[in-house]
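Coordinate analysis (summary)
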Amino acid sequence: MGMTARVLAVDAGNSKTDVAVVAADGSVLATARGGGFRPPVVGVEAAVDALAEAVGTAFAAAGVTSVDQVSACLANADFPVEEEQLAAALHARAWGTAVQVRNDTFAILRAGITEPRGVAVVCGAGINCVGMRPDGRTARFPAIGRISGDWGGGWGLAEEALWFAARAEDGRGGPTELARTLPAHFGLPTMLALIEALHLEQVPHDRRHELTPVLFATAADGDPIARAIVDRLADEVVTMATVALTRLDLLEEETPVLLGGGVLAAQHPQLGDEIRELLAVRAPKAVPRVVTASPVLGAALLGLDRVDAGTEVHERVRAHFES
């Protein structure tokens with residue numbers, strides 16, 4: 001019979017999963033990494049099977065068989081019914097006495113703050129925003145694409161850039177260097193050639209996200225259309241943050257606004273400057289900063305919040321991931 005640890009922290013995104021086993025004193029006993037977590041694609045049980053590989057590796061390395069609290073921050077947990085379904089699936093694995101499932105955006109938020117109070121906007125493949133207060137109140141959006149009112153994210157930015165570039169080349173829109181830089185990224189001479197290659201899947205669909213850095217580079221070179229797309233993303237980030245702050249009655253209090261995900265973590269100067277300028281007008285007491293800590297730290301801290309761990313315990317687990 002193995003001993004029981006305090007928290008199993010799980011941060012599971014679409015592309016990878018990180019887990020950590022944390023002792024009662026905040027010591028990190030073991031960590032492990034696994035593949036992506038995609039229940040809409042493979043089903044809940046198969047997705048949890050993929051988690052089980054990383055959890056088993058971490059448990060074996062830590063010399064434990066279970067924990068008191070499972071704190072799982074999972075991609076695709078967008079509605080309460082999905083959180084409940086996933087929590088039931090995790091509970092059935094008997095990894096811990098208690099299970100809490102949250103959307104993975106909460107992990108990025110909690111990783112960047114010293115208490116459960118603040119707002120996070122995450123822009124990676126998609127875009128999402130969450131907020132929390134110490135009293136347990138949260139603010140969030142469904143964040144499942146255009147049907148939930150979303151605009152932005154790496155995929156959306158690539159699609160927007162392609163739209164403007166196609167129209168620039170065929171005369172329906174104004175000129176933009178994107179008509180040259182986007183096809184050039186794939187070694188193609190024209191947008192027509194790129195459109196055909198994408199349509200016939202000679203360029204695989206999942207490579208479209210490569211065009212987002214091309215968009216930012218074209219904007220940095222001064223192209224007005226590309227710059228306008230980047231400015232629109234800044235506006236969207238600030239709109240989401242301001243709405244979340246308002247819902248939580250934090251607009252008039254100094255509150256951290258964390259920026260995470262691949263697009264925001266890249267810290268493109270134009271995007272960062274515009275976000276700060278817009279926040280200064282719409283939410284003057286917001287304190288923006290980019291989150292660089294591993295999101296699994298946030299999942300661990302959320303678990304420690306649930307078991308009322310002391311400040312020194314939180315500080316020890318943070319020191320492990322930030323050292």
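On a predicted model such as this, the values are computed, not experimentally measured, just so you know.

Basis of the calculations
Residues numbered from 1 in each chain as written. Predicted model: local features only at pLDDT ≥ 70, side-chain atom pairs only at ≥ 80, totals over all residues. Heavy atoms only, no water. Core = buried A, V, L, I, M, F, W, Y, C linked by side-chain atoms within 4.5 Å. Buried < 20%, exposed > 50% of the residue type's maximum accessible area, 1.4 Å probe, protein only. Helix = DSSP H or I, 4+ residues; strand = E, 2+ residues; numbered from the N terminus. Contact = heavy atoms within 4.5 Å. Pairing = 2+ DSSP bridges. Axes fitted to C-alpha atoms, helices over the stretch in contact; angles between N-to-C directions. Right-handed = clockwise from strand over helix to strand, strands pointing away. Salt bridge = Lys/Arg side-chain N within 4 Å of Asp/Glu carboxyl O. Expected span 1.5 Å × (residues − 1). Polar contact = N/O pair within 3.5 Å; in protein donor to acceptor, adjacent residues only side chain to side chain.

If you look at the biggest cluster of nonpolar residues, it comprises 52 residues, and the most contacted ones within it are Leu-182, Leu-233, Leu-271 and Ile-275. Here the element with the most residues in this core is helix α9 (residues 224-247); it accounts for 11 residues. Contacts of Ile-275, omitting those with residues within four sequence positions, involve Ala-234, Val-237, Val-238, Leu-259 and Leu-264.

Reading across from one edge, β8-β7-β6-β9-β10 is the order of the five strands in this open sheet, with mixed pairing throughout. Of all the strands in the sheet, the pair left with one neighbour each is β8 (138-140) and β10 (286-290). Taking the axes of each pair of neighbouring strands and ignoring which way they run, one obtains an average angle of 15 degrees across the sheet. Judged from the six bridges that link them, strand β6 (residues 118-123) and strand β7 (residues 127-132) form a sheet pairing that is antiparallel. Counterpart to Val-119 in the pairing with β7 is Gly-131.

Buried residues dominate strand β4 (residues 64-74), accounting for nine of its 11 residues. What joins β4 to strand β5 (residues 96-103) is helix α3 (residues 80-92), and the crossover it makes is right-handed.

A few words on the pattern of salt bridges. The tally for this structure, following the rule as stated, stands at 18 salt bridges. As a salt-bridge pair, Asp-18 and Arg-33 come within 2.8 Å of each other at their nearest N and O atoms. Here Asp-18, found in strand β2 (residues 16-22), pairs with Arg-33, found in strand β3 (residues 28-35); they are 15 residues apart in sequence, far enough to count as distant. The partner of Arg-133 in a salt bridge is Asp-135, with the nearest N and O atoms 3.7 Å apart. Judged by its relative accessible area of 51%, Asp-135 falls in the exposed class. Linked by salt bridges that have partners in common, Lys-16, Asp-18 and Arg-33 make up one network.

Moving on, we get to α9. Along its 24 residues, α9 runs 35 Å from first to last C-alpha, staying within 8% of the 34 Å computed at 1.5 Å per residue. Two to three positions downstream of the cap, the backbone nitrogen of Ile-225 sits 3.3 Å from a side-chain oxygen, assigning the N-cap of α9 to Asp-223. Where α9 ends, the next residue or the one after it, Asp-249, has phi of about 55 degrees, a positive value.

The subject of this paragraph is the side chain of Arg-133. Considering the arrangement of structural elements, one finds Arg-133 in the loop between β7 and β8. A distance of 2.8 Å separates the side chain of Arg-133 from the backbone oxygen of Leu-248, its partner in a polar contact. The residues contacting Arg-133, other than those within four sequence positions of it, are Pro-116, Arg-117, Leu-248, Asp-249, Leu-250 and Glu-253.

By themselves these figures say nothing about function.
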